[in-house]
Each structure stands twice: as structure tokens, then as C-alpha cells.
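Below, each chain spelled out in residue letters.
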Amino acid sequence: MLEKAKERLPVECVGVAVLGSTGTGKSTLVNAFFPGAKAKTGYGAPITQEAEWFPKKRDKHTRFRILDTRGFEEKDYEETVEAALEAVDETNESEDRNDHAHIAWLVIKEGSGRVQDSHKDIATRFTEAGIPVIAVLTEAIADDEEFRGEVRKLLPEVKDVIPVNSIPKGTRAGSIEPFGLDTLYGVTSRSVPPRSAHALTESADSSLVPIEEKRELAKRRVKWAAAAAAAAGTIPIPIVDAVVLMPIQASMIVSISRAYGMKVDKESSMALVAAIAVPVAATSGGSALTASIMKFVPGAGTLAGSAIGGTTASAITGAIGRVYMMFLHKLCEANGNNPPQTSQVVRQFGEFYKEHGAIIAEALKTIAEAPKK
Ligand SMILES: Nc1nc2c(ncn2[C@@H]2O[C@H](COP(=O)(O)OP(=O)(O)O)[C@@H](O)[C@H]2O)c(=O)[nH]1
Ligand SMILES: [Mg+2]
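Values in this document were obtained by computation on a predicted structure and should not be read as measured data.

(A) Structural detail: the overall build of the protein chain. When helices and strands are tallied, the protein chain shows 15 helices and 8 strands. Of all 373 residues assigned to the protein chain, the portion counted as buried reaches 54%. Long-range pairs, those at least 24 residues apart, make up 71% of the contacts in the protein chain with a sequence separation of at least 6. Accessible surface, the protein chain as shown: approximately 16,900 Å² in total, 54% of it carbon and sulfur.

Take a look at the structure:
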């Protein structure tokens, strides 16, 4: 049921073309920025053509795609630029914007100190093709402004020039910690369409995403679920709460968790949903919704189904979502913007609910008092 409900979540994807010569730090950058790059897209496998998308085809669950190329060696870069543009053109013909390339990262090693013909070519031609270009200076030293200024001057088309250090860098003076990826996240997020920005929030390394953006995305998921529940409420009951409402609420819980950067697989999603549902069900005393919520819990049995209306279904779904968001937000905040483990949520939600469950209790009361429709 969870799987089915997830099918109905909004489809969001961001396409990133990562361009630059071999050895400039493209792979290092992608792997630091998108922790799921290898597992989720197969990125890093040897490419068979000049330019190739990872994954090759997008499905409903794909949150990001990366265009990888052979590398732009100075002597024969034209062919690779041509191939990359072709790959972008092809995908951007799709009517679904989720298929598109939305942004290009032009990767230059800061230490090279040189802007090449290939860089200029990429910056102009991708910009002309409607793909914003961000120049990323890798293995950067935090306060070396000179090269940055030169890149800005020589590549006036680019949206921004962002120095980054993707992984710790050892120097004689000690280690330079990673920096700049959060700036790259911010500029990228502002340069792509809103739906792709949401996909970025979900797929970029959680530490790069400001907690307020996580909250915004979680709010959208609650809104989505409340709207879906409202629509579901108009379908004849009792089928509605078991088959429609419960999966909506379950996938809402999973997608709020993902918005806050939690890694949720099949098993942990069941544990999460149960952890939220049990305390809610325990306080909701016999309303029609209890029947719906109790079905979250394996073996809890079913109550005789009475009808609930769309408004009610929407109100309770929204209330559950808001309380869970409050809970996760607090945990993340207390933990330096790091997502909690599923086990921590399972252990601590009950306690939190005792203090803050009034929001849900209110919603449940209005159901109990509402005339049955
Ligand atoms: N410290 C540090 N090393 C980097 C950075 N980017 C790349 N490197 C190193 O540079 C080398 C080449 O990087 P790689 O990602 O394989 O380049 P690619 O050929 O463009 O994919 C690797 O040894 C990386 O560890 C960076 O931002 N910081
Ligand atoms: Mg590479």
C-alpha cells in the first residue's frame, strides 16, 4: 500500500550537467554533493559514449540525474561539447520538465589558474541553449580571490563562480576542511525550476540544505497529503480509509522524513509509520479515524467502519503531518541540522506526542462531534 501511495507523490527531478576536463574533481564533487549518486543513479560507471546520463532513463522515483562526459581535453574538446549539447537537446525535447537538464556545473580546478577555450565555449553555448551555467572552482583555497575574479571576467555568462573544497585537503599548514558546497546548493537551487529545487532538497547531502528549506518541503508534503485525503473522502466509505487514506498518511510520514534528510527504506518506513500511528491511535478513543489509524498497526484489528467526510479526513491528515514535522524539526535543530536515525524517532515520538498531541486531539474531537455524513 505504501508503494502504491508513493506512486502518487508529486514527481520531481533535477538534471545536472557536470562538465570539465579529466582530473578537475567532477566525480569528487558529485559524490560529495549527492550521497546517493552511485547507488541511485549508477554514476561513476565507465561511459560508453562521449556524453551519458546517469541514470539513463528517469522513473517516478528518480530525484536527480547527472550528465557525465568523457572530459574536455583541450585539443579535441569540440566533439565532447557537441555530444553534451546533443544529450541535453535530446532530453529537453521532452514535454515533462523533469526529464530536462536544468543546470550545468562547469568544473575548473582552482590551482590550474587558467580559463581555457573549452570553458568559454561551454559557458556560452550552454547559456545560449537555455541552461544556466555555474562555474565551480575545485580544491579551492578559501581566500584566493584573484582567480575567481579572473573567471568572472573571462566567463561573464556564468551565473556565479563558486570556490569549493569537496573533501578535506591536506596542506603543509594543516587540513582544509570541505567548504562551499552549501553555497553551490543555494545557487543551484535558485537557478532551477521550483520542482527541481524540491528534488535537490531531497537528494543533496542533508548538511548542505538549510533547515528552513527542509521545513518548506515537509509543509508541501503535508499539504499534498491533506489535499489527497480531502479528495479521497468523497469516495464511498469504508473502503476509503483502509485503501486510500491510510496509504496517503503513511506516504506523508515517509516523505516528511525524507524532506528532513532521513534515509528511509522499506523496512524503516513501516517502523516509522507505526511509531507515529500508535500514540495517535491511543488517544483518539473510538472515532471513525481510529479505525483508519489503527490499520497502520499490524494486528490491531479493525473497528466497524463508519463514514468520514473529506474535510475531516483532510483535517486529521494535516494534523498528524504538522505534529510529526514539529517533532522532526526539533530533533534536527538539536542535532546541528543532522537527520535523526529511524530508531530515535521510534523511541522518542511517543513522549513528544504526550506534550504536543493536542493538535491532533483537537482534530479528532471535531470528528467525534461532527454529524456523520
Ligand atoms: N581535497 C580535494 N581534492 C579534490 C577535490 N576535487 C578533486 N580532488 C582530487 O582530485 C583528484 C581527481 O578528482 P576526480 O573527482 O577523480 O576528477 P574527475 O576526473 O574530474 O572526475 C582526486 O584525487 C580527488 O581526490 C577537492 O575539492 N578537494
Ligand atoms: Mg570522474
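(B) Seen up close, the sheet that holds strand β5 (residues 133-138). Reading across the sheet, the 6 strands line up as β2-β3-β1-β4-β5-β6 and stay open at both edges, with mixed pairing between neighbours. Edge positions in the sheet fall to β2 (51-54) and β6 (160-163), since each of these pairs with one other strand and no more. Along the sheet, successive strands turn relative to each other by an average axial angle of 25 degrees, direction set aside. In this structure, β2 lies alongside strand β3 (residues 64-69), joined through 4 bridges in antiparallel fashion. Paired with Phe54 across the two strands is Ile66, which belongs to β3. Where helix α4 (residues 77-92) meets the sheet, its contacts fall on β1 (14-19), β2 and β3, and the angle it forms with β3 comes to roughly 155 degrees.

(C) Looking closely at the site of ligand 1. Near ligand 1 lie 15 residues; those nearest to it are Gly23, Ser27, Thr28, Asn165 and Ser166. In the environment of ligand 1, an oxygen atom lies 3.0 Å from a nitrogen or oxygen atom belonging to the backbone of Gly25. Separating an oxygen atom of ligand 1 from a side-chain N or O atom of Thr28 is a distance of 2.5 Å. Contact with the protein chains hides 73% of the accessible area of ligand 1, taken as 580 Å² for the molecule alone. No other element matches the 3 residues that helix α2 (residues 26-33) contributes to the shell around ligand 1. Residue composition of the shell around ligand 1, grouped by class: 2 nonpolar, 9 polar and 4 charged.

(D) Region of the structure containing the packing of helix α7 (residues 181-191) against helix α8 (residues 194-203). Here α7 crosses α8 at 155 degrees, and the two axes come no closer than 8 Å. Between α7 and α8, the crossing angle belongs to the class labelled roughly antiparallel. Along its contact with α7, which presents Tyr185, Thr188 and Ser189, the element α8 presents Ala197, Leu200 and Thr201.

(E) Geometry of the packing of aromatic side chains. Applying the stated criterion across every chain yields a total of 12 aromatic pairs. Measuring from centroid to centroid gives 4.9 Å for Phe33 and Phe34, while their planes differ by 65 degrees, and the two rings are edge-to-face. Between the aromatic rings of Phe34 and Phe64, the centroid separation amounts to 4.3 Å while the plane-to-plane angle is 5 degrees, which identifies the pairing as stacked. In this pair, Phe34 is assigned in the loop between α2 and α3 (37-41) and Phe64 in strand β3, connecting sequence segments 30 residues apart. Its relative accessible area of 3% is what places Phe64 among the buried residues. Aromatic rings pair up to connect Phe33, Phe34, Phe64, Trp105 and Tyr185 into one cluster. Over the aromatic face of Trp53 sits the side chain of Arg65, whose NZ or CZ is 4.6 Å from the ring centroid.

(F) Molecular detail of the environment of Gln249. Looking at the secondary structure, you find Gln249 in helix α10 (residues 239-259). Residue classification places Gln249 among the buried residues on the basis of a relative accessible area of 0%. Note: C-alpha distance between Gln249 and Gly318 (69 residues apart in sequence) is 9.0 Å. At 2.9 Å, the side chain of Gln249 and the side chain of Thr317 are in polar contact.

Rules and cut-offs
- Residues numbered from 1 in each chain as written.
- Chains lettered and ligands numbered in written order.
- Predicted model: local features only at pLDDT ≥ 70, side-chain atom pairs only at ≥ 80, totals over all residues.
- Heavy atoms only, no water.
- Helix = DSSP H or I, 4+ residues; strand = E, 2+ residues; numbered from the N terminus.
- Buried < 20%, exposed > 50% of the residue type's maximum accessible area, 1.4 Å probe, protein only.
- Contact = heavy atoms within 4.5 Å.
- Areas by Shrake-Rupley, 256 points an atom, 1.4 Å probe, with all protein chains shown as cover.
- Pairing = 2+ DSSP bridges.
- Axes fitted to C-alpha atoms, helices over the stretch in contact; angles between N-to-C directions.
- Near = heavy atom within 4 Å.
- Polar contact = N/O pair within 3.5 Å; in protein donor to acceptor, adjacent residues only side chain to side chain.
- Nonpolar A, V, L, I, M, F, W, Y, C, P; charged D, E, K, R; others polar.
- Parallel < 35°, antiparallel > 145°, perpendicular 65-115°, else oblique.
- Phe/Tyr/Trp six-rings, centres within 6.5 Å; stacked < 30°, edge-to-face > 60°.
- Lys NZ or Arg CZ within 6 Å of the ring centre and 35° of its normal.

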